[in-house]
Amino acid sequence: MANSFSKEERVAFEDLLEGFQDALVLSRNVAIYNTDQTMMERANNTIWRPQPYIAQSINSTPGTPISGYKAMTQLAVPATLGFSKTVPWEMTTLELRDALQEGRLGDSAKQKLASDINVAIMSAAANLGSLVVPIAAAAGDYDDIALCDAIMNEQGVPDYDRFLALSSRDYNGLAGNLVGTARSFGNAKSDRAYERSYVGMVASFDTYKMDYANRLTAAAGSGITIDTSGAGTQANYLPQATSTAVGGQINVDNRFQSVTVSSTAGVAAGDASKIDGVFAVHHITKQSTGQLKTFRVVSVTNGTTMVITPPIIGAQAPATDAQLQYKNVEVTTPSNTAAITFLNANTAQVNVFWQRDSLEILPGRYAVPSDAGVAVMRASTDQGIELVMQKFYDIDSMTIKYRLDTLFGVVNKNPEMSGILLFNQ
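Here is a short report on the structure shown in this document. (Residues numbered from 1 in each chain as written. Predicted model: local features only at pLDDT ≥ 70, side-chain atom pairs only at ≥ 80, totals over all residues. Heavy atoms only, no water.)

Section: the overall build of the chain
Now for step 1: Check the secondary structure of the chain and you find seven helices and 25 strands.
Now for step 2: Of all 425 residues assigned to the chain, the portion counted as buried reaches 47%.
Now for step 3: Taking all contacts inside the chain whose residues are at least 6 apart in sequence as the whole, residues at least 24 apart take part in 77%.
Now for step 4: Accessible surface computed for the chain: about 20000 Å², of which carbon and sulfur atoms make up 51%. (Helix = DSSP H or I, 4+ residues; strand = E, 2+ residues; numbered from the N terminus. Buried < 20%, exposed > 50% of the residue type's maximum accessible area, 1.4 Å probe, protein only. Contact = heavy atoms within 4.5 Å. Areas by Shrake-Rupley, 256 points an atom, 1.4 Å probe, with all protein chains shown as cover.)

Quick notes on the environment of isoleucine 308
Now for step 1: Locating isoleucine 308 in the fold gives a position in strand 16 (residues 305–309).
Now for step 2: Once residues within four sequence positions are removed from consideration, isoleucine 308 is found in contact with Arg255, Phe256, Gln257, Val259, Phe295, Arg296 and Val298.

A look at the packing of aromatic side chains
Now for step 1: A complete count under the given rule lists five aromatic pairs for this structure.
Now for step 2: Ring geometry for phenylalanine 205 versus phenylalanine 353: centroids 5.9 Å apart, planes at 75 degrees, classification edge-to-face. In this pair, phenylalanine 205 is assigned in strand 8 (residues 205–210) and phenylalanine 353 in strand 20 (residues 351–355), connecting sequence segments 148 residues apart. Across this residue pair, the class does not change: phenylalanine 205 and phenylalanine 353 are buried.
Now for step 3: A cation sits over an aromatic face here: arginine 49 above tyrosine 33, 3.6 Å from the ring centre. (Phe/Tyr/Trp six-rings, centres within 6.5 Å; stacked < 30°, edge-to-face > 60°. Lys NZ or Arg CZ within 6 Å of the ring centre and 35° of its normal.)

So this is what it looks like as structure tokens:
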């Protein structure tokens, strides 16, 4: 073929793929779901991924017939191949005399695409993670990370495969705590913190340093209230697998709830809050943790309506089987004017923590023809994320056009298994 890749270019592509895989720090710590690409095309690149079942138990005596068999509600969330990233560049036949320059451009493309994937994963946790840990002071104490561990344990999040990604300043603040003011050399943990600003595992989390992090601005809303009284109010969300609409049944995304409040003035997407009298429960035992449940604002609809995550599932009597199964709060003091307190008091870097199964990446694939006059190379990382490199020569301008492409999706399947850690609040 006229536009085939040279041996040197193929070797360079293999090196590029290896470096790309090494740069995918966050994608190695989330779940991977490989889809059938034909099915994804027919389904508009969207697939519904199941959330974990939460079962209920009853007392039973051997030999006595069981009464009260419960219906199990399977909840699912939509996952979309929504990220189509490309790095295009061109080189003239004069520039191609410098092979080193060509390699540098490839490295730059690889670096950018890996960054795009890491940012997408981080944003999925930063924007929807509903476990919020605000710290009054700057980073620098083990107890800060232990609070993230505590909020996960209290609400029944699995105690394995937990990860924490910190901004550079916050990570280094924690490393400074390991170094100490009166340290002595010879302790491997503090030596690495001193020499490399390396933290490692802390309070059950594998920690990572980010050279970029989302920023959450200070909440501007104040004096806002919400009605949490009565079994039929918005403090008693009903989880459901499907909903009947025009044309038949459709799936329901139960991660979000539209609530009515006294005012949404100053409220913005991303704001973190808690509600008076609404306490978090352990998702399995349904026992109250004694700590107020934290929520995130997903979007503002109008002057009195906003969308939050997670929904407020109080399972107030009379409760359905689904409400009992997925109950996530105990409303101890129902009120038609329960106060909402915003937790992001000051603008800060967003540090994210998650359990592996809460975040998922869906690798996609382009069906690029290899016989259309364009040279094509493709390869996949260990996670299944594919890179496609194409080359085309324009005889009129004597330039070669290159492009490096990847297609993927990221979904936060369960915002109650991921969260954010905010300092200086």
